[in-house]
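Structural characterization, general
This is what each chain is made of:
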Amino acid sequence: MKSSPRGTSVSFVPAPKESDHSISQSLLPVAVLAWGAEWLRDLPWRNTRDPWAVLVAEVMLQQTQIDRVLPRWPTFLERFPDAATCAAGSAGEVVQEWSGLGFNRRAVMLHRCATVLVNEHHGVVPDELPALLALPGVGPYTARAVLAFAFEQDAAVVDTNVGRVLARFAGCSLKPRQAQDMADASVPVGAGWAWNQAVLDLGSMVCRARAPRCKQCPIAEACVWQGNREKNGPDPAPGSAGVAGKQSRFEGSDRQGRGRLVAALGLGPVNGDHLAPVMGWPDDPQRAQRVAATVVADGLAQETNNGFVLP
C-alpha cells in the first residue's frame, strides 16, 4: 500500500474528553475525506444505491470477512433481487443460498425482514431510522449504514473499525452513546456516504487492531493515542463501544456443528440416526441433539419424525 497523502490543510479539532453525557467533538473532516478520495477500496456494493442490495451487503458483512462476501453478494441478489422475491421464497431457500457465509441465523432474519418489508412497507426499504430499527435483524449499525450508503443521508455508522478509530482519536474508552455522539458530530454536511466509507476503510486499512500504520494516518497529528503510544500508553480501543472482542475458538465448537448441520440440510434431509456424525460428533449424540435443538429454535431447521429438514 502506498503512503497516504500528508500535509492536508485542516484546523485540528481538540480531541474529546470523556463525559457522562456525550462527546460532541469530531474527527477531522477535510483530512479524512481527502484520504478516502485516494484510498477508498473498490467494493461492488459501493457502486449501488439500491436499498435492498445495500441491506443485503450489510447483513452479509456482519462478522464475515469481505473476501467471503465478495462472490456471494451478487449470486444472492441474482436469486433474490428484491424484498418481494426473498419473502416469496421459503426461509430454507434463503438459508440454502446463504450457506457458507456462517452465522446462518442472519439468513433467517433477512427472510423475516423481507416479509415485514412486503407486509408493512409495500416491499420498499424505508429511509427513516425508527422504521429501519423496527425490522427483524436490523440493529443500529445496519440501519444507519442503509441510510448513509443507500439514501446518502448524513447518518454515522459505528462498527468495530470505526469504534477503534474513535477511541484512539479520543484517547479513552468510549461508552456506546459517547461513540455514537462523536461519530454523529464528525459527519460533514452532505458527505455522509463518502465520510462513512472513508472512516470504515481508515479503521480497516490503517488504524488496525494489530500493527496500526500510524505514519500513514491522515489524522495522526491530532490523535491522542498516537501521542500516548510513543510513551507506551495503553490502547483505549479494546472494550470501547463498537469494538468487538476476540471471538471464541471455532474448531470443535457448537458453532461448527451448527454450520455442518445447516450445510448438510442444504443437500437434503438429515436422518436422526446420522445427526451426530453429520455434526462432527459421532461419539457424542447427546451433544448433537442439544445443539440441533438450538438450530431448530433459531428457525434454521425443522424436526420431522425421521430427522431434520430445512424450514
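Above this text you will find the structure in question.
Let me begin by describing the structure that accompanies this report. The model shown is predicted, which means the values in this text are computed figures rather than measured ones.

Quick notes on the sheet that holds strand 1 (residues 270-271)
- If you walk across this open sheet you meet the three strands as 1-3-2, and the pairing is antiparallel. Lying at the two open borders of the sheet, with one neighbouring strand each, are strand 1 and strand 2 (302-303).
- Looking at chain direction, strand 1 and strand 3 (residues 307-309) are connected through two bridges and run antiparallel. If you follow Asn-271 over to strand 3, its bridge partner there is Gly-307.

Some details on the packing of aromatic side chains
- Tallying each qualifying case throughout the model produces three aromatic pairs.
- Arranged with centres 5.8 Å apart and planes meeting at 85°, the rings of Trp-45 and Trp-73 form a pair that is edge-to-face. Within this pair, whereas Trp-45 is found in the loop between helix 1 (29-39) and helix 2 (51-61), its partner Trp-73 is found in helix 3 (residues 66-79), the two being separated by 28 residues in sequence. Pair check on accessibility: Trp-45 and Trp-73 agree, each one buried.
- The ring of Trp-281 is capped by Arg-287, whose NZ or CZ atom sits 4.0 Å from the centre of that ring.

A short note on the environment of Arg-106
- Along the chain, Arg-106 falls in helix 6 (residues 105-121).
- Classification of Arg-106 by relative accessible area gives buried; the value is 7%.
- For the pair Arg-106 and Val-138, spaced 32 residues apart in the sequence, the C-alpha separation amounts to 9.8 Å.
- Those residues in contact with Arg-106 that lie beyond four places of it in its chain are Val-59, Met-60, Leu-61, Gln-62, Thr-64, Trp-98 and Leu-101.
- In this structure the side chain of Arg-106 is engaged in a polar contact, spanning 3.1 Å, whose partner is the backbone oxygen of Val-59.

Observations regarding the environment of Val-199
- Note that Val-199 resides in helix 11 (residues 192-206).
- Given the relative accessible area of 3%, Val-199 is considered buried.
- When neighbours within four sequence positions are excluded, Val-199 is seen to be in contact with Val-32, Val-162 and Val-165.

What counts, and at which threshold
- Residues numbered from 1 in each chain as written.
- Predicted model: local features only at pLDDT ≥ 70, side-chain atom pairs only at ≥ 80, totals over all residues.
- Heavy atoms only, no water.
- Pairing = 2+ DSSP bridges.
- Helix = DSSP H or I, 4+ residues; strand = E, 2+ residues; numbered from the N terminus.
- Phe/Tyr/Trp six-rings, centres within 6.5 Å; stacked < 30°, edge-to-face > 60°.
- Buried < 20%, exposed > 50% of the residue type's maximum accessible area, 1.4 Å probe, protein only.
- Lys NZ or Arg CZ within 6 Å of the ring centre and 35° of its normal.
- Contact = heavy atoms within 4.5 Å.
- Polar contact = N/O pair within 3.5 Å; in protein donor to acceptor, adjacent residues only side chain to side chain.

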